[in-house]
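Residues per chain, in single letters:
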Amino acid sequence: MLFGVAYDSYYSGIIGIYAAGLATFIYLLKKVQNHLEITPGVMVLLYATSLIYLETFIYVMYQFIGMVDLSFGRFLIEKLGPTLLLNLIFLIIFYYPFYKLSQWMYK
C-alpha cells in the first residue's frame, strides 16, 4: 500500500493520495461496521471519525511529500475544524430527507 501511495502521488498527484486515503478508510470502516448497530448517533460519529481520518491522512501525506508548509495546530484550526463543522451541518440537514427517501425506495 505504501508503494502504491508513493507511486500514485508521484504520477497522478492529488488523485492518488485521495484514492489511497479513501481505500484505507473504506477497509477500516468495513472492519468496524460489523461490530456496531447503525443508529443515527453512531452514523454521525462514524461520519465525523471518517472525515477526521481522511483529512488527517491527506495532511500527513502532503507533509511527507513536502507539498504543504502548515503546522499541525494550524491544520486543526484552519482546515479540519471548518471542514468538520460544515460537513456535520450538511449531514444534519440532509440526513432525514435522504433517510426517508431510502426507506421509500426499499418499499
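Look above for the structure.
First, a word on scope: everything that follows refers to the structure included in this document. (Residues numbered from 1 in each chain as written. Predicted model: local features only at pLDDT ≥ 70, side-chain atom pairs only at ≥ 80, totals over all residues. Heavy atoms only, no water.)

**Observations concerning the packing of aromatic side chains**
Working step 1: Counted by the stated rule, this structure contains seven aromatic pairs.
Working step 2: Residues Tyr-59 and Phe-75 carry aromatic rings whose centres are separated by 4.3 Å and whose planes lie at 15° to one another, so their mutual orientation is stacked. Here Tyr-59, found in helix α3 (residues 40-65), pairs with Phe-75, found in helix α4 (residues 72-106); they are 16 residues apart in sequence, far enough to count as distant.
Working step 3: On the accessibility criterion, Phe-75 (2% relative accessible area) is buried.
Working step 4: Ring centres of Tyr-95 and Tyr-99 lie 5.9 Å apart, and the angle between their planes is 15°; this geometry places the pair in the stacked category. Note that Tyr-95 and Tyr-99 are positioned in helix α4 at a spacing of four residues, about one turn of the helix.
Working step 5: Grouping aromatic residues by their ring pairs yields a cluster made of Tyr-59, Phe-72 and Phe-75. (Phe/Tyr/Trp six-rings, centres within 6.5 Å; stacked < 30°, edge-to-face > 60°. Helix = DSSP H or I, 4+ residues; strand = E, 2+ residues; numbered from the N terminus. Buried < 20%, exposed > 50% of the residue type's maximum accessible area, 1.4 Å probe, protein only.)

**Focus: the nonpolar core**
Working step 1: Of all hydrophobic cores here, the largest spans seven residues; its members are Ile-17, Ala-20, Leu-54, Phe-57, Ile-58, Met-61 and Tyr-62.
Working step 2: Those elements giving two or more residues to this core turn out to be α2 (14-33) and α3.
Working step 3: Among the elements that line this core, the one with the most residues is α3, at five residues.
Working step 4: Apart from residues lying up to four places away in sequence, Ile-58 is in contact with Ile-17 and Tyr-18. (Core = buried A, V, L, I, M, F, W, Y, C linked by side-chain atoms within 4.5 Å. Contact = heavy atoms within 4.5 Å.)

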